[in-house]
Amino acid sequence: MSGYIDVQQHMIPADYARWLRGNGVHAPGGRELPEWSPSLALELMDRQGIAAAILSVSTPGVHLGDGADASAMARAMNEFGAGLAEAYPGRFGLFATLTLPDVDAAVAEAAYALDDLAADGVILLANSRGLYLGDPALDPLMTTLDDRAAVVLVHPADLPGPAVPSIPPFAADFLLDTTRAAFNLVRRDVARRFPHIRFILAHAGGFVPYAAHRLALAVFAETGRDLNQILDDFAGFYFDTALSASPAALPSLLAFAKPGHVLYASDWPFAPEPAVAYFNGHLQDPAQDTTDIGHRNARLLFPRLSEARR
């Protein structure tokens, strides 16, 4: 089959890693910062059959409390990522980093990244210092993204509360964080008010496919909206398979998501190569055709990558 199109692969440039450590961030989400470079990424991609990867900055993003610092780091990371996409056409793309919860700066950076850097979309954390996607305060950013028919990767962050000792946030809290954001986006009718944005929920949407009917009933109880419409909104998200292409999770995801809305993702380098290989193995089961998940769905969403190496 053609190579995978990876919609969740992270970059950790040396300047960003130094900046994180200088701000006391050594293990975001409970995982030590892994080694990363463009050459290591390409080597991993070649070994694992990944034709192209859309790079993004993972949690905690760039806003650690200083707005000016966040804007400068977002700009540096976006120009770095755009440079890689230009240097390796067909191999790398870019989800631009924004500055939430600073909405005005995020609007400006989104416009610059999408209009001037030709970014493939943006990455937004499910919550930014407690501000969840779907909050009306983010409507100006949603307008900017809707005007550009942007693709948005929704990636989890640490929950706005203390972690439970011995349970690393990436193991369970991240799934809840994405689910909270999805609930709030549907509850606030974001998909219908901003219909041109395509949201990708990381890690198979957290608990969304498994708990969608329960979530929908909660939205129905609060809003009185048509239940089938609510379920359609949940199913209308795109979902990636990072750490989720398992015999338990994948059938639930495919049974729930709309056709064409499931996309391959590796989550490398935060997911180490053995984990990437493990989940890739489930996608290569000869008993099922996962070509659409592997690359066809992504090629439709990102036409620029339609010529990615096969």
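Just so it is clear, the structure is predicted and the values come from calculations on it, not from any experiment.

> Summarise the layout of surface pockets; cite the residues concerned and give the values.
Taken as a whole, the largest pocket spans an internal volume of roughly 510 Å³. Of the residues forming the lining of the largest pocket, the biggest block, three residues, is contributed by helix 10 (residues 249-256). Estimates place the volume of the second largest pocket at around 370 Å³. Residue lining of the second largest pocket: 24 residues in total, with Thr59, Pro60, Gly61, His63 and Leu125 positioned closest to the centre. Broken down by element, the residue count for the lining of the second largest pocket peaks at three residues, all from strand 4 (residues 121-125).

> Talk me through empty space enclosed by the protein; I want residue IDs and the actual numbers.
With the rule as written, the count across this model stands at one cavity of 30 Å³ or more. Considering only residue class, the lining of the largest cavity consists of eight nonpolar, three polar and no charged.

> Give a detailed account of the sheet that holds strand 3 (residues 92-97), specifying residues and quantitative values.
Backbone hydrogen bonds hold the strands of a sheet together, and the pairing may be parallel or antiparallel. Taken in spatial order, the eight strands line up as 1-2-3-4-7-8-9-10 in an open sheet, and their pairing is parallel. Strand pairing shows two members of the sheet lacking a second neighbour, strand 1 (4-10) and strand 10 (262-263), which therefore form its edges. Its contacts with the sheet place helix 5 (residues 139-147) against strand 4, strand 7 (151-155) and strand 8 (198-201), and it is angled at close to 155 degrees to strand 4.

> Go over the pairing of strand 1, please, and point to the residues and values.
Most of strand 1 is tucked away, with seven of its seven residues classed as buried. Sheet topology note: the strand 1/strand 2 (residues 50-56) ladder contains five bridges and is parallel. Bridging across to strand 2, isoleucine 5 finds its partner in alanine 52.

> Lay out the pattern of salt bridges in plain terms, naming residues and giving numbers.
In total, this model carries 14 salt bridges according to the counting rule given. In this structure, the salt-bridge partner of aspartate 232 is arginine 192, at a minimum N-O distance of 3.9 Å. Remark: arginine 192 occurs in helix 7 (residues 190-193) and aspartate 232 occurs in helix 9 (residues 227-235); sequence separation between them is 40 residues. Classification of arginine 192 by relative accessible area gives partly exposed; the value is 37%. For the salt bridge of aspartate 292 with arginine 296, the shortest nitrogen-to-oxygen distance reads 3.5 Å.

> I'd like a description of the packing of aromatic side chains, backed by residues and values.
In this structure the tally under the stated criterion is eight aromatic pairs. An angle of 65 degrees between the planes, with centres 5.9 Å apart, marks the rings of phenylalanine 95 and phenylalanine 302 as edge-to-face. Of this pair, phenylalanine 95 sits in strand 3 while phenylalanine 302 sits in the segment after helix 12 (291-301), placing them 207 residues apart in sequence. Between the aromatic rings of phenylalanine 239 and phenylalanine 256, the centroid separation amounts to 6.4 Å while the plane-to-plane angle is 75 degrees, which identifies the pairing as edge-to-face. One end of the pair, phenylalanine 239, is in strand 9 (residues 238-240); the other, phenylalanine 256, is in helix 10, and 17 residues separate them in sequence. An identical accessibility class is assigned to phenylalanine 239 and phenylalanine 256; each is buried. Positioned above the aromatic ring of tyrosine 112 is the side chain of arginine 75, whose terminal nitrogen or guanidinium carbon lies 3.8 Å from the ring centre.

> Tell me about the environment of glutamine 229, and name the residues and values.
Positionally, glutamine 229 belongs in helix 9. Judged by its relative accessible area of 28%, glutamine 229 falls in the partly exposed class. With 13 residues separating them along the chain, glutamine 229 and alanine 216 place their C-alpha atoms 9.2 Å apart.

> An account of unusual backbone geometry is requested, with residue identities and associated values reported.
Between leucine 100 and the following residue, proline 101, the backbone shows a cis peptide bond with an omega angle of 15 degrees. Inspection of the secondary structure assignment puts proline 101 in the loop between strand 3 and helix 4 (103-115). Following tryptophan 268, the chain continues to proline 269 via a peptide bond in cis, the omega torsion being 5 degrees. On the secondary structure map, proline 269 appears in the loop between strand 10 and helix 11 (273-283). Positioned with a positive phi, alanine 118 is a non-glycine residue whose angle comes to about 60 degrees.

> So what's going on with helix 2 (residues 38-48)? Residues and values would help.
For the α-helix, the turn length of 3.6 residues means that residues three or four positions removed from each other point alike. Of the positions making up helix 2, those classed as buried are Pro38, Ala41, Leu42, Leu44, Met45 and Gln48. One side of helix 2 holds all its buried residues, which, seen down the axis, span an arc of 160 degrees. Buried residues in helix 2 make contact with strand 1, strand 2, helix 3 (67-87), strand 3 and helix 11. The positive-phi residue at the C-terminal boundary of helix 2 is glycine 49, with phi of around 75 degrees.

> Quick one: what's the story with helix 8 (residues 208-223), residue by residue and with numbers?
Here helix 8 spans only 19 Å end to end across 16 residues, well under the 22 Å set by a 1.5 Å rise per residue. Every buried residue belonging to helix 8 is among Val208, Pro209, Ala211, Ala212, Leu215, Ala216 and Val219, and all of these are buried. Residues of helix 8 that are buried make contact with helix 6 (173-187), strand 8, helix 9, strand 9 and helix 10. Glycine 224 sits one or two positions beyond helix 8 and adopts a positive phi of about 75 degrees.

> Tell me about the pairing of strand 7, residues and numbers included.
Taking burial as the measure, the five residues of strand 7 include five buried ones, the bulk of the element. Neither face of strand 7 is open: one carries Val151, Leu153 and His155, the other Val152 and Val154, and all of them are buried. The pairing of strand 4 with strand 7 spans four bridges and is parallel. When the sheet's bridge partners are listed, isoleucine 123 is paired in strand 7 with leucine 153. Examined bridge by bridge, strand 7 and strand 8 share four bridges and lie parallel to one another. Each residue of the ladder has a partner; that of leucine 153, found in strand 8, is isoleucine 200.

The rules we used
- The residue numbers shown here count from 1 along each chain, following its written sequence.
- Reporting of local features is limited, given that this is a predicted model, to residues whose pLDDT is at least 70; pairs of side-chain atoms are given and counted only at 80 or more, and all residues count toward the totals for whole chains, interfaces and linings.
- Excluded from the side-chain calculation are hydrogens and water; included are all heavy atoms of the structure.
- Grid points spaced at 1 Å over the protein atoms alone were grouped into cavities, where a 1.4 Å probe fits but cannot get out, and pockets, open sets with protein on both sides within 12 Å along at least five of seven lines, with lining residues defined by an atom within 4 Å of a point.
- Grid points are joined across faces, edges and corners, and a volume is the space filled by probe spheres set on the points.
- Strands here mean DSSP runs of E at least two residues long; helices mean DSSP runs of H or I at least four residues long; both are numbered from the N terminus.
- In this classification, Asp, Glu, Lys and Arg are treated as charged, Ala, Val, Leu, Ile, Met, Phe, Trp, Tyr, Cys and Pro as nonpolar, and every other residue, Gly included, as polar.
- For two strands to be treated as a pair, DSSP must find no fewer than two bridges joining them.
- Throughout, a contact is declared for two residues whenever any of their heavy atoms are within 4.5 Å.
- Throughout, an axis means a line fitted to C-alpha atoms (over the contacting stretch in the case of helices), and angles, computed between N-to-C directions, take values from 0 to 180 degrees.
- Burial classes follow relative accessibility: with a 1.4 Å probe on protein chains only, a residue under 20% of its type's maximum area counts as buried, one over 50% as exposed, and anything between as partly exposed.
- Just to be clear on terms, a salt bridge is a Lys or Arg side-chain nitrogen sitting within 4 Å of an Asp or Glu carboxyl oxygen.
- Only the six-membered ring of Trp is used, alongside the rings of Phe and Tyr, when aromatic pairs are assigned; centres must lie within 6.5 Å, and planes under 30 degrees apart are stacked while those over 60 apart are edge-to-face, with the rest tilted.
- Distance and angle both matter: a charge sits over a ring if NZ of Lys or CZ of Arg is within 6 Å of the ring centre and within 35 degrees of the ring normal.
- The arc in question is the one traced by the directions running from the helix axis out to the C-beta atoms.
- Multiply 1.5 Å by the residue count of a helix minus one, and that product is the helix's expected span.

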